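Okay, here's what each chain looks like letter by letter:
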Amino acid sequence: MGNTFSRTGWLMIAGLIILVLLIVSELILKQTQSKKLMAGILSAKSDYPWQIPDTASIPHTAEGDLIRYGKDLIANTAMHLGPKGLVANITNGMNCQNCHINAGLKPFGNCFSAVASTYPKYRPRSGRVESIEFRINECLERSLNGAKIDSLSKEMRAMVAYMNWVGEGVPKNVKPIGAGLDEIKYLDRAADTAQGRLVYFSKCQSCHGPEGKGLMYPDSAGFVYPPLWGDKSYNVSAGLFRLSRFASYIHDNMPFGASHNAQQLSIEESWDVAAFVNSQPRPDKRFSYDWPDIKTKPEDYPFGPYADGFTEVQHKYGPFGPIKKAKEDLKKNKAM
Ligand code: HEC
Ligand code: HEC
């Protein structure tokens, strides 16, 4: 009798312990998940699928008209905001779509599928929480080497409406597969401008021209083929001026027609031609507020000062592996 009682007692205690353990582990999991989300780790590795939305499904309402205008501003930016723009002339004549392929709908083509779900968000480059409007203005000032537009302007409202439409249904903080750009693998060596020159003249110059100037429409209102360097190209504060961004972009998108599932350049060719293009002259516009915490500068950000001992040249061309390792070691030491 005593025996049976104590067995039940033990079973109850064991059950209780298991229950408590389950609750605690669930809590810890939730905690680390939200920490990871905040650090952008979970969102970076998401395998959330995303269907390219059909632009024919944009409703025929006032809101729908705004979304369509937003799409047109992204696809035909020069027509609206370029040197001969209908609304203003505040850009170098490039289109957002030159880098955000198919108006930001192409997976790994600098795709906009994570914009609505991940903004506003903290970004170390500006050291602040950025709204979608702020982020769009950054591309206007850097990638289009132009001026920002008012957050309340019809043009800004339209582009934001379009991005919200593109990301409709993507859960908060989730970055779907194919959002933005892929992360191309690092080389063990520095990227080589001389090799890159050879790649450029065999695989790029037929469209982008022997002097990287691209090809303008006869009325010089915009580009048939956008420039890769020179005074009409993106400036040194643009994302593509970082070698990893350039290499990742072209690996999945260039020569025009390539895609993530049908790449045409090897990883080495991508890095080397990125090095060649970004060693050519371009507008030198800098922003004093960039990277307020120098410890957060990416491996491939080419302007010092740095918290590590590596040179500007290595931060521009690599090899990036050792810089990355030094950065991780620094973090580990801090944590200990
Ligand atoms: C010269 C190339 C280029 C042009 C032109 C360009 N962008 Fe970008 N854009 C980039 C790059 C590179 C990134 C960052 C990608 C990365 O780091 O993964 C980016 C990022 C963005 C983001 C953030 C995406 C995200 O998921 O965080 C938005 C929004 C954006 N661009 C909007 C625009 C708009 C609107 C225009 C036109 C007014 C434009 N861009 C023109 C290259 C360009
Ligand atoms: C068949 C023509 C063609 C070839 C070849 C080609 N491109 Fe492009 N490239 C384009 C077009 C067109 C765009 C703009 C895409 C759009 O607007 O939809 C573009 C856009 C770009 C952009 C982003 C916009 C800019 O001007 O900064 C980069 C970077 C780029 N190409 C690099 C390269 C590199 C590097 C190569 C060679 C490996 C290459 N391209 C080969 C046609 C080509």
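Residues numbered from 1 in each chain as written. Chains lettered and ligands numbered in written order. Predicted model: local features only at pLDDT ≥ 70, side-chain atom pairs only at ≥ 80, totals over all residues.

Re the overall build of the chain
Consideration 1: In terms of helices and strands, the chain carries 14 helices and four strands.
Consideration 2: Across its three principal axes, the chain shows a C-alpha extent of roughly 100 × 55 × 40 Å.
Consideration 3: Counting only residues that meet the buried cut, the chain has 38% of its 336 residues in that class.
Consideration 4: By sequence separation, contacts in the chain at least 24 residues apart represent 64% of the contacts at least 6 residues apart. (Helix = DSSP H or I, 4+ residues; strand = E, 2+ residues; numbered from the N terminus. Buried ≥ 20, exposed ≤ 12 C-beta atoms within 10 Å, placed from the backbone. Contact = placed C-beta atoms within 7 Å.)

Thoughts on the confidence of the model for the chain
Consideration 1: For the chain, per-residue confidence averages 92 on the pLDDT scale, and 91% of positions sit at 70 or higher.
Consideration 2: This model gives residues 32-43 a pLDDT under 50, and the stretch forms 10 contacts once residues within four places in sequence are excluded. (pLDDT = per-residue confidence, 0-100.)

Quick notes on the site of ligand 1
Consideration 1: In the neighbourhood of ligand 1, 25 residues make up the surrounding shell, with C96, C99, C139, S143 and G239 lying closest.
Consideration 2: For the shell around ligand 1, the element with the most residues is helix α7 (residues 132-141), which contributes four residues.
Consideration 3: Classifying every residue of the shell around ligand 1 gives 16 nonpolar, seven polar and two charged. (Near = placed C-beta within 6 Å. Nonpolar A, V, L, I, M, F, W, Y, C, P; charged D, E, K, R; others polar.)

Remarks on the nonpolar core
Consideration 1: M159, Y162 and A274 are the most contacted members of the largest nonpolar core, which has 64 residues in total.
Consideration 2: Every element with two or more residues in this core is listed here: α3 (62-75), α7, α8 (154-166), α9 (193-203), α11 (243-253) and α12 (267-277).
Consideration 3: Per-element accounting of this core gives the leading share, nine residues, to α8.
Consideration 4: Here this core gathers at least three residues from each of two domains, domain 1 (56-166) and domain 2 (193-335).
Consideration 5: Setting aside residues no more than four positions away along its own chain, A274 makes contact with A191, G196, L243, F246, A247 and I250. (Core = buried A, V, L, I, M, F, W, Y, C linked by C-beta atoms within 7 Å. Domains from an automatic or database assignment.)

Description of the site of ligand 2
Consideration 1: Of all residues adjacent to ligand 2, which total 24 residues, the nearest are C204, C207, P226, P255 and F256.
Consideration 2: Looking at the shell around ligand 2 element by element, the count peaks at three residues for helix α10 (residues 205-208).
Consideration 3: The class makeup of the residues in the shell around ligand 2 is 18 nonpolar, five polar and one charged.
Consideration 4: No fewer than three residues from each of domain 1 (56-166) and domain 2 (193-335) sit in the shell around ligand 2.

Overview of the packing of α3 against α8
Consideration 1: Between α3 and α8, the shortest axis-to-axis distance is 7 Å and the interhelical angle comes to 100 degrees. With respect to their mutual orientation, α3 and α8 come out roughly perpendicular. Two secondary-structure elements touch here, α3 through E63, L66, I67, Y69, G70, K71, L73 and I74 and α8 through E155, R157, A158, M159, A161, Y162 and W165.
Consideration 2: Considering only residue class, the contact of α3 with α8 consists of 10 nonpolar, one polar and four charged. (Axes fitted to C-alpha atoms, helices over the stretch in contact; angles between N-to-C directions. Parallel < 35°, antiparallel > 145°, perpendicular 65-115°, else oblique.)

Side note on the domain arrangement of the chain
Interface size is commonly expressed as the accessible surface area that is lost when the partners come together.
Consideration 1: With domains assigned, the chain is organised as domain 1 (56-166) and domain 2 (193-335).
Consideration 2: Placing a centre on the C-alpha atoms of domain 1 and another on those of domain 2 gives a separation of 21 Å.
Consideration 3: At the interface, 23 residues of domain 1 touch 24 residues of domain 2.
Consideration 4: For the side of domain 1 that touches domain 2, the residue count by class is nine nonpolar, 11 polar and three charged.

Looking at α7
Consideration 1: For α7, every residue scored as buried is listed here: I132, E133, I136, C139 and L140. The arc that holds every buried residue of α7, seen down its axis, measures 120 degrees, which confines them to one face.
Consideration 2: On its buried side, α7 packs onto α6 (115-118) and α8. (Arc of directions from axis to C-beta.)

Thoughts on α9
Consideration 1: For α9, the set of buried residues is G196, V199 and Y200. Taken end-on, α9 shows its buried residues confined to a sector of 100 degrees, consistent with a single buried face. For α9, the exposed residues lying more than 90 degrees away from the buried face are A194 and S202.

Considering unusual backbone geometry
Most peptide bonds take the trans form, and the phi angle of most residues other than glycine is negative.
Consideration 1: Here the bond from Y119 into P120 is cis, since omega is -5 degrees, no more than 30 degrees from zero.
Consideration 2: Residues other than glycine seldom take positive phi values, yet N102 does so here, at roughly 50 degrees.
Consideration 3: Relative to the helices and strands, N102 is located in helix α5 (residues 101-104).
Consideration 4: The partly exposed category is assigned to N102, around which 15 C-beta atoms lie within 10 Å.
Consideration 5: Its identity as a non-glycine residue notwithstanding, F108 has a phi of 65 degrees, on the positive side.
Consideration 6: Within the secondary structure, F108 is located in the loop between α5 and α6.

Describing the environment of F201
Consideration 1: Turning to its location among the elements, F201 is positioned in helix α9.
Consideration 2: Classification of F201 by C-beta neighbours within 10 Å gives partly exposed; the count is 13.

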